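Spelled out from the first residue to the last, the chains are:
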Amino acid sequence: MGKALIIGCGGVASVAIHKCCQNSEVFEEIMIASRTKSKCDELKKKLDGGKTKIHTAKVDAVNVMDLISLINEFQPDVVLNLALPYQDLTIMEACLATKTDYVDTANYEPLDTAKFEYKWQWAYRERFEKAGITALLGSGFDPGVTGVFSAYALKHHFDEISNIDILDANGGDHGYPFATNFNPEINIREVTAKGSYWENGKWVETEPMEIKREYDFEGIGKKDMYLLHHEELESLALNIKGIKRIRFFMTFGQSYLTHLKCLENVGMTSIEPIEFDGKMIVPLQFLKAVLPDPASLGPRTKGKTNIGCIFTGKKDGTEKHYYLYNICDHQEAYAEVGSQAISYTTGVPAMIGAMLLLTGDWKKPGVHNIEEFDPDPFMDALNKWGLPWQESFSPVLVD
Ligand code: NDP
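Here's a quick rundown of the structure. In this numbering scheme, every chain counts its residues from 1 along its sequence in written order. Residues qualify for local features only when their pLDDT is at least 70, as the model is predicted, and side-chain atom pairs are given and counted only at 80 or more; totals for whole chains, interfaces and linings, by contrast, use all residues. For side-chain calculations, the full set of non-hydrogen atoms in the structure is used, while hydrogens and water are omitted.

**A short note on a positive patch on the surface**
Logical step 1: Two distance rules govern patches: like charges are joined within 9 Å, and nonpolar side chains (Val, Leu, Ile, Met, Phe, Trp, Tyr) within 5 Å, applied only to residues with over 30% relative accessible area and no salt bridge. Note that accessible areas follow from Shrake-Rupley with a 1.4 Å probe, and for residues the cover is restricted to the protein chains shown. The working definition used for a salt bridge is a side-chain nitrogen of Lys or Arg within 4 Å of a carboxyl oxygen of Asp or Glu. None of His or the chain ends enter the tally, which takes Lys and Arg as positive and Asp and Glu as negative. One atom stands in for each charge, and that atom is NZ of Lys, CZ of Arg, CG of Asp or CD of Glu. Together, Arg35, Lys39, Lys58 and Lys288 make up a region of like positive charge exposed at the surface.
Logical step 2: Secondary structure follows DSSP: runs of H or I at least 4 residues long count as helices, runs of E at least 2 residues long count as strands, and numbering of each begins at the N terminus. Mapping arginine 35 onto the fold places it in the loop between strand E2 (27-34) and helix H2 (37-47).

**Here's the deal with the nonpolar core**
Logical step 1: Counting residues in hydrophobic clusters, the biggest one holds 87 residues, and the most contacted among them are Phe27, Ile30, Phe149, Phe311 and Ile352.
Logical step 2: Examining the composition of this core, we find that 11 residues originate from one element, helix H13 (residues 341-358), more than from any other.
Logical step 3: With sequence-adjacent residues up to four places away left out, phenylalanine 149 is seen in contact with Phe141, Ile307, Gly308, Cys309, Phe311, Leu324, Tyr325, Asn326, Met379, Leu382 and Trp389.
Logical step 4: Formed by 30 residues, the second largest nonpolar core is a distinct cluster that contains Leu70, Phe74, Leu89 and Trp122. Here, nonpolar core refers to any group of buried Ala, Val, Leu, Ile, Met, Phe, Trp, Tyr and Cys residues whose side-chain atoms link them within 4.5 Å. Exposure classes here rest on a 1.4 Å probe applied to the protein chains alone. A residue is buried below 20% of its type maximum, exposed above 50%, and partly exposed in between. Contacts: residue pairs with any heavy atoms within 4.5 Å of one another.

**Considerations on the packing of aromatic side chains**
Two measures describe an aromatic ring pair: the distance that separates the ring centres and the angle between the ring planes.
Logical step 1: Any Phe, Tyr or Trp ring, taking Trp's six-membered ring, that has another such ring centre within 6.5 Å forms a pair; planes under 30 degrees apart are called stacked, those over 60 apart edge-to-face, and the others tilted. As enumerated under the stated definition, the model contains 18 aromatic pairs in all.
Logical step 2: Every member of this aromatic cluster is reached through a ring pair, and the members are Phe158, Phe311, Tyr322 and Phe393.
Logical step 3: Sitting over the face of the ring of tryptophan 120, lysine 119 holds its NZ or CZ atom 4.8 Å from the ring centroid.
Logical step 4: As a reminder, the over-ring test applies to NZ of lysine and CZ of arginine, requiring each to be within 6 Å of the ring centre and within 35 degrees of the ring normal. A cation over a ring is seen here: arginine 300 above tyrosine 176, with NZ or CZ 3.7 Å from the ring centre.

**Side note on H2**
Logical step 1: Turning to H2, its buried residues are Cys40, Leu43 and Leu47. Along H2, the residues classed as buried sweep out an arc of 65° about the axis, all on the same side. Opposite the packed face of H2, turned more than 90 degrees from it, sit the exposed residues Glu42 and Lys45.
Logical step 2: Of the surrounding elements, those touching the buried residues of H2 are helix H1 (11-22), E2 and strand E3 (53-58).
Logical step 3: Just beyond H2, the residue with positive phi is glycine 49, at close to 110°. Picture the helix axis, draw a direction to every C-beta atom, and the arc is the one those directions span.

**Observations concerning the packing of helix H7 (residues 145-156) against helix H14 (residues 375-384)**
Logical step 1: The geometry of H7 relative to H14 is characterised by a closest axis approach of 9 Å and an angle of 120° between their N-to-C directions. Taken as axis vectors, H7 and H14 run oblique relative to one another. Relative to H14, the crossing made by H7 is left-handed. For the pair formed by H7 and H14, the contact residues are Val145, Val148, Phe149, Ala151, Tyr152, Lys155 and His156 on the first element and Pro375, Asp376, Phe378, Met379 and Leu382 on the second. Lines fitted to the C-alpha atoms define the axes, with helices restricted to the stretch that makes contact. Angles between their N-to-C directions range from 0 to 180 degrees. Here is the rule for angles: anything less than 35 degrees is roughly parallel, anything more than 145 is roughly antiparallel, 65 through 115 is roughly perpendicular, and the remaining ranges are oblique. What makes a crossing left-handed is the near helix being turned counterclockwise from the far one by less than a right angle; a clockwise turn instead makes it right-handed.

**Description of the packing of H1 against H2**
Logical step 1: At a minimum axis separation of 11 Å, H1 and H2 run at an interaxial angle of 30°. The way H1 lies across H2 gives a crossing that is right-handed. On the side of H1, the interface is formed by Ser14, Ile17, His18 and Cys21, while H2 contributes Leu43, Lys46 and Leu47.

**Some details on unusual backbone geometry**
Logical step 1: Geometrically, the link from aspartate 142 to proline 143 is a cis peptide bond, its omega value of 5° lying close to zero.
Logical step 2: Backbone geometry places glutamine 75, a non-glycine residue, at a positive phi of 55°.
Logical step 3: Looking at the secondary structure, you find glutamine 75 in the loop between helix H3 (64-74) and strand E4 (78-81).
Logical step 4: The backbone phi angle of lysine 99 is positive, close to 55°, even though this residue is not glycine.
Logical step 5: Position of lysine 99 among the secondary structure elements: in the loop between helix H4 (88-98) and strand E5 (101-104).
Logical step 6: Residue lysine 99 is classed as exposed on the basis of its relative accessible area of 56%.

**Some thoughts on the environment of isoleucine 166**
Logical step 1: With respect to the helices, strands and loops of the structure, isoleucine 166 is situated in strand E7 (residues 160-170).
Logical step 2: Classification of isoleucine 166 by relative accessible area gives buried; the value is 0%.
Logical step 3: A C-alpha to C-alpha distance of 38 Å links isoleucine 166 and lysine 51, two positions 115 residues apart in sequence.
Logical step 4: The contact partners of isoleucine 166, leaving out residues within four places of it in the chain, are Thr146, Glu232, Leu233, Leu236, Arg247, Phe248, Phe249, Gly308 and Cys309.

**So, the sheet that holds E5**
Logical step 1: Paired strands, as defined in this entry, are two strands with at least two bridges between them according to DSSP. The strand order E3-E2-E1-E4-E5-E6-E17 describes an open sheet built from 7 strands, whose pairing is parallel. Two strands lie at the open edges of the sheet, namely E3 and strand E17 (366-369), each paired on one side alone. Across the sheet, the mean angle separating the axes of adjacent strands is 20° when strand polarity is ignored.
Logical step 2: Strands E2 and E3 of the sheet are contacted by H2, whose axis makes an angle of about 170° with E3.

**Points about the site of the ligand**
Logical step 1: Contacts to the ligand come from 26 residues, most closely from Cys9, Arg35, Thr36, Ala61 and Asn183.
Logical step 2: Whenever two N or O atoms come within 3.5 Å, that pair is a polar contact, provided that in protein one can donate a hydrogen and the other can accept it, and provided that, for residues adjacent in sequence, both atoms are side-chain atoms. At a separation of 2.8 Å, a nitrogen atom of the ligand approaches a polar backbone atom of alanine 61.
Logical step 3: Contact distances for the ligand include 3.0 Å between an oxygen atom and a backbone N or O atom of aspartate 142.
Logical step 4: When the ligand sits alone it has 920 Å² of accessible area, and the protein chains cover 90% of it.
Logical step 5: As a working rule, the residues Ala, Val, Leu, Ile, Met, Phe, Trp, Tyr, Cys and Pro are called nonpolar, Asp, Glu, Lys and Arg charged, and the rest polar, with Gly in that last group. For the shell around the ligand, the class distribution of residues is 13 nonpolar, 10 polar and 3 charged. Any residue with a heavy atom positioned within 4 Å of a molecule or strand is treated as near that molecule or strand.

As far as function goes, none of this settles anything; it's purely spatial.
Quick look at the structure:
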């Protein structure tokens, strides 16, 4: 059916690429590109021989002109951005210049400010619309599937939704005292930032990890979870009309939190450059270099993830609660595609988002968050491509 250019060849990209190759009717040809071409070549070697034709290239995605040349040479129907949030805008610029559809899994974040917001990418709405191309923002799990779940709940189960609690639990154990399960720099920037949630039309800010709750997760058991700011809160607050409160909770183990606090206290999580041995270095980037590569956690991680949304709202005048969630097993994910469940739960929806642009189901010129599209084909694809969802009509609520 079409061609996809995939930028990035890390944990998430590797899963998405495996899935594109499983879905060769849609992904006839792909090109994998990142700064380290050898990594792209290694993955190509592993996957070659199937029906999807694989190419590789070297590209630095901060360089718009290089991206434009690559797109012009390969002529993809869609660009799937699975590099880092810092490159979102340059890749969107290249898509505009070449009139190519765009998909990503994380919103733009400036390198020098640990602040992620949609405003920079939403500023492209009119230009994408005029160019007749679609940008699908946030097609991972959270953001991503959580937005699709919200649109699905509203479409099929509610007249109005007043509250959403997004619960992201990882019951996986990799045996290390401290490691992050996706890019350490992005992960630590996210969890050391202040928390916030949306209530009655405004943001309520909290100290990092200030709000803690315990929840009993199916497939995992009881876990402590903490309120974080998370990017989908911003778009869901706008797109789910009538919403009164949205919160996001993520589970963390005690060992992770103790190490993080210590690293923070000694200044290792700072993004302010410092001079070391006559050279400027960013402490957090140095820390990333000494931590285990998330890709290496795959064979060691046992347990499950459980990520989903609890909705409260009204149907036919009656209050109603509804919980939609997915349980993913780290070892099953590893056996299938050689990656743990965090990369799996992000890479599968990234492939699905790109697929729905290639098939034309989600073609809608402009820049859109995932909950703005019809959720039904995405929900069907989750069941088909390895992330089956479950539902409950009497969930335990979070106070
Ligand atoms: P990794 O660090 O494993 O991979 C990042 C990849 O991007 C590497 O292959 C890297 O290769 C490439 N890259 C980095 N900089 C550039 C550049 N300038 N030009 C071209 N390629 C570049 O990260 P993950 O796979 O863990 O995460 C990928 C994305 O997924 C991130 O944006 C992350 O925030 C997002 N994510 C989203 C989630 C969701 O649920 N929505 C959950 C988890 C992650 P090289 O250095 O060789 O260029």
